[in-house]
Amino acid sequence: NTLTRRCERKFIRVTSCYLCLPSPPPLRCCPWSRCCGMGDFRPRTVWLGHPEKREQRYPRNVINNQKYNFFTFLPGVLFNQFKYFFNLYFLLLACSQFVEELRLGALYTYWVPLGLVLIITIMREAIEEIRCYLRDKEVNSQIYSKLSTRGTVKVKSSGIQVGDLIIVEKNQRVPADMIFLRTSERNGSCFLRTDQLDGETDWKLRLPVACTQRLPTAGDLLQIRSYVYAEEPNIDIHNFIGTFTREDGDPPVNESLSIENTLWASTVIASGTVVGVVIYTGKELRSVMNTSNPRHKVGLFDLEVNCLTKILFGALVVVSLVMVALQHFAGRWYLQIFRFLLLFSHIVPISLRVNLDMGKMVFSWMIKKDSKIPGTVVRASTIPEQLGRISYLLTDKTGTLTQNEMVFRRLHLGTVAYGMDSMDEVQSHVFSAYTQPTHDLPASRAPAATKVRKTISSRVHEAVKAIALVHNVTPVYESNGVTDQAEAEQHYEDTCRVYQASSPDEVSLVQWTESVGLTLVGRDQSSMQLRTPTGQILNFTILQIFPFTYESKRMGIIVRDESTGEITFYMKGADVVMSGIVQYNDWLEEECGNMAREGLRVLVVSKKSLTEEQYQDFEARYVQAKLSVHDRSLKVATVIESLEMEMELLCLTGVEDQLQTDVRPTLEILRNAGIKVWMLTGDKLETATCTAKNAHLITRNQDIHIFRPVTTRGEAHLELNAFRRKHDCALVISGDSLEVCLKYYEYEFMELACQCPAVVCCRCTPTQKAQIVRLLQERTGKLTCAVGDGGNDVSMIQEADCGVGVEGKEGKQASLAADFSVTQFKHLGRLLMVHGRNSYKRSAALSQFVIHRSLCISTMQAVFSSVFYFASVPLYQGFLIIGYSTIYTMFPVFSLVLDKDVKSEVAMLYPELYKDLLKGRPLSFKTFLIWVLISIYQGSIIMYGALLLFESEFVHIVAISFTSLILTELLMVALTIQTWHWLMIVAELLSLASYVASLVFLHEFIDIYFITTVSFLWKVTVITLVSCLPLYILKYLRRRFSPPNYSKLTS
């Protein structure tokens, strides 16, 4: 409808931070930045244990999450309230009562309602500020140990300075950004829990500076003359460039520092005790720089309500001008305009905003408490009704539709492939490789078949050994829940071993090598131990590791076999990059496509043997590149690429990511509800298509149009024309082709894509995901919902009108950045179909009823003034006008937040009911106009009825009309309710009882003796029946002859 379209064009989106932190809360530095001596961000030289040698002043290590302080709290809260037009309007109305010519009654008539709204707001802000203050105080007061010339001293977190040597115990939070110098762990490394920094649940391995780790004791750190050169503070939590220099060494020692040597604030030490030197504090912390103020999304429903209140304000001005015009602008007419503006101010209801905000809190509470979607968290309680109007749902694949629990399915060697049913063959090949001596038979006497078997056996063995070595997995041994790796190194207990890695893919591969006989039993920063099927321990020295990145899409490792001295470079990665690295072959591309079509995630494994001279030459160039301060990443990548040539292709691995439970029925529900689902993934085209079919995102009878790869404008034009000729088919497109289409034919592509029943975008970058969401909003004007579970989904989630994070294997980063957090994808169906639908319908009913309540009394005032020669005299004064919108009608009206048209089971069974909401019918110009007409009718009937039936005294008019008004409102609430809740009945009876009881104290406005007469009772009954009975009849006739969809189901 028109209202929805107008508001959609004005839809406001406030972007937010990429990073959201849980407890401890998002960090912010001290607000007094100038006092802290914080200038521009610059690189720094930090001397170990000597903060007094600093080159510049650094910010204090104080965390402050408060919006206000003691002095700015009240002014700040009031400013934030009155910067909005309608709040300022009500303040001016209240202040005008101090002017004698404009006063219409007692001051509290206008000040009490405004005061109630402000008190509720101030209390809410005060509670939040107190909570923030206590959280900040707790974090700032945490005690740490500091190494100093006087020994080990205790220091508060807020007292830590750049250059301090801080000791952090196991399970203790890192208080500032530090360089890792020493660890108590025998293997010379430590694990770090980073879930409160980047949202990833897997532990990260961190390595100390080699020079300082070799020192006999931690106290020796103060005896050496050394410093750290650190880059300027920035927001990148995944990279760091720096150097460590020891000047008193012979010769002086220089070591390059990278992300592996850092301990960022807000992470937690997971193993051992560590010592670090502080390099960044306060606002220069990585966690602080990645945090901005909490985002605030303005819902489409709020914009529609704002639009209606502007219409009501226009009506208020028009009515006031008409009243003065009917007086022929006599006398001081400009004062009369102001008096009428005050008199009819109830046309714009002051309680509308408060009712809606409280309603949203109730809806959010209902979502959290729903036992059928356990673990659901509402992080943005301002937009629950948005869930009831979603037109496009954009979802990630891995970890969202799938479980992100990898199961090894296939090993492919080119000429032979091994599936789940033939893993025993692989096991026998590995066993034979370590049990049969190599000189079993002379080559001349060995039969041909034996030579073939031996060749296959050796190839399988090489492939399994490569998979067991090329990874970043570390075995952790747990005994009674406590890590004890020192003891585990002696026994290698299989039952106590747990694999830690940053990727579930790597864990599944290492677990598979264990199942076929080659087990990873130990690892530290410089070595790795494998156990053969015979129990023999193979020792490998780790010479270099090249970690996986999203840019390189591969990882590598150089190891030396201690038994033979052979140096081997192993590498694994995605086929798109590995195809140009391995030696020429004729099967890689074809088999990768075949495995992807089966829904498997494919990795290519390769190796390259190096001589000692080749490795020494590489190491010299690599160390030199790592010591560079400028363009380090480029120089390092160039050196590594010099090795990545003509590598021997060993095998392909295929792991399967199984679908989450009830993904298929959930997608079916969403499709029947009129929601179009788009899948945006970084995976291969074949894998993404297979998953889409498997999940029934693309139904069996649907055609699929796979968009051919395009690189130029002409190719994109031809392909779009070919796509245009197809109807009702699903679209599958790669990120590269998508970028070309959006560059040249954005409008045409989006127009065609929006007509598809389903769209799959593969090889998508996080930026492209957010761009697609933004384009859908701009081109269609419809509401979007983005669902994801990983850090690469955060930008998409924050861009969407509703962001839903799934807590998965990739951590909580998406969950923390989202408006709503769920534990499983299947919960999305109930979140939208039940809670989203109910929230929207209830909000619409509540807002329109609050408007109706205000318009009724305003209509009565207009009739009263018209009858009495357009006098600007109030009909009701004092407590009557306050009580009307508070204790007499507040609870019944607010109880509409408990109303529902159908049971939740019916809403889930018939998702078609959701379609009705997509058109915005519950709150539209049509429904608004109907409620305006009802208000005018009822207000006029009550006022004219009271004027006709009163006998002699004016006070009788007040008694008859006000009592009829209260009864009419209570009956109208009963008329509006579709499913009764016991709290609704309590609210109705309580309000009626409150009014009857208060009559004793209202003798100033109502004649107590008159209301006890039969005359009063029959007059009130007649007026109430005339105002309500026709509406009840109309409701009955409508349900009888033109019932809404839900009534057919409930009957």
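Residues numbered from 1 in each chain as written. Predicted model: local features only at pLDDT ≥ 70, side-chain atom pairs only at ≥ 80, totals over all residues. Heavy atoms only, no water.

### Considering the overall build of the protein
Check the secondary structure of the protein and you find 35 helices and 34 strands. If you line up the protein on its principal axes, its C-alpha atoms span 130 × 75 × 55 Å. Buried positions account for 55% of the 1051 residues belonging to the protein. Partitioning the contacts of the protein with sequence separation of at least 6, the portion at a separation of at least 24 is 74%. Roughly 46,200 Å² of accessible area belongs to the protein as shown, and the carbon and sulfur atoms make up 57% of that amount. (Helix = DSSP H or I, 4+ residues; strand = E, 2+ residues; numbered from the N terminus. Buried < 20%, exposed > 50% of the residue type's maximum accessible area, 1.4 Å probe, protein only. Contact = heavy atoms within 4.5 Å. Areas by Shrake-Rupley, 256 points an atom, 1.4 Å probe, with all protein chains shown as cover.)

### Some remarks on helix H13 (residues 504-515)
Compared with the 16 Å implied by 1.5 Å per residue over 12 residues, the 16 Å span of H13 between its first and last C-alpha is a close match. All of the buried residues in H13 are Asp 505, Glu 506, Val 507, Ser 508, Leu 509, Val 510, Trp 512 and Thr 513. The first or second residue beyond H13 is Gly 517, which carries a positive phi of 120°. (Expected span 1.5 Å × (residues − 1).)

### Focus on the side chain of Glu 231
Following the sequence through the fold, Glu 231 ends up in the loop between strand S8 (226-230) and strand S9 (242-246). Reaching out from Glu 231, the side chain makes a polar contact with the side chain of Arg 286 at a distance of 3.0 Å. Apart from the residues within four sequence positions on either side, Glu 231 is in contact with Pro 43, Asn 239, Phe 240, Ile 241, Tyr 280 and Arg 286. (Polar contact = N/O pair within 3.5 Å; in protein donor to acceptor, adjacent residues only side chain to side chain.)

### Thoughts on unusual backbone geometry
Backbone geometry places Asp 662, a non-glycine residue, at a positive phi of 60°. For Asp 662, a relative accessible area of 42% translates into the label partly exposed. Its identity as a non-glycine residue notwithstanding, Arg 763 has a phi of 55°, on the positive side. Tracing the chain through its elements places Arg 763 in the loop between strand S31 (758-762) and helix H23 (766-780).

### As for the environment of Lys 684
Tracing the backbone shows Lys 684 in the loop between strand S28 (676-680) and helix H19 (685-694). Looking at Lys 684, the relative accessible area reads 11%, which means it is buried. Taking C-alpha positions, Lys 684 is 27 Å from Asn 239, a pair spaced 445 residues apart along the chain. Apart from residues no more than four positions distant in its own chain, Lys 684 is found in contact with Asp 575, Cys 592, Ala 596, Cys 762 and Arg 763.

### Here we look at the domain arrangement of the protein
Here the protein is partitioned into domain 1 (62-142), domain 2 (160-290), domain 3 (349-372 + 830-1048), domain 4 (392-401 + 660-822) and domain 5 (412-433 + 457-476 + 495-656). In this structure, domain 2 and domain 3 have C-alpha centres spaced 64 Å apart. (Domains from an automatic or database assignment.)

### Re the sheet that holds strand S6 (residues 190-193)
Strand order across the open sheet formed by three strands is S7-S6-S12, with antiparallel pairing between neighbours. Only two strands of the sheet have a single neighbouring strand rather than two, namely strand S7 (204-206) and strand S12 (268-269). Sheet topology places S6 next to S7; three bridges connect them, and they run antiparallel. When the sheet's bridge partners are listed, Leu 192 is paired in S7 with Lys 204. (Pairing = 2+ DSSP bridges.)

### Description of the sheet that holds strand S1 (residues 44-47)
Pairing is antiparallel across the open sheet formed by four strands, whose spatial order is S1-S8-S9-S10. Whereas interior strands pair on both sides, the edge strands pair on one side only; in this sheet they are S1 and strand S10 (253-257). Here the average twist between neighbouring strands, direction ignored, is 20°. Judged from the four bridges that link them, S1 and S8 form a sheet pairing that is antiparallel. Residue pairing across strands places Val 46 opposite Val 228, the latter belonging to S8. (Axes fitted to C-alpha atoms, helices over the stretch in contact; angles between N-to-C directions.)

### Here's the deal with the pairing of S8
Buried residues dominate S8, accounting for four of its five residues. With five bridges joining them, S8 and S9 adopt antiparallel strand pairing. In the strand pairing of S9, Tyr 229 is matched with Thr 243.

### A look at the packing of aromatic side chains
Going through the model one piece at a time under the given rule, you end up with 26 aromatic pairs. Arranged with centres 5.4 Å apart and planes meeting at 90°, the rings of Phe 329 and Trp 333 form a pair that is edge-to-face. Judged by centre distance (5.8 Å) and plane angle (90°), the rings of Phe 546 and Phe 569 are edge-to-face. In this pair, Phe 546 is assigned in strand S23 (residues 537-546) and Phe 569 in strand S25 (residues 567-573), connecting sequence segments 23 residues apart. Residue classification places Phe 546 among the buried residues on the basis of a relative accessible area of 5%. It is Arg 1040 that lies over the ring of Phe 1041; its NZ or CZ is 5.6 Å from the centre. (Phe/Tyr/Trp six-rings, centres within 6.5 Å; stacked < 30°, edge-to-face > 60°. Lys NZ or Arg CZ within 6 Å of the ring centre and 35° of its normal.)

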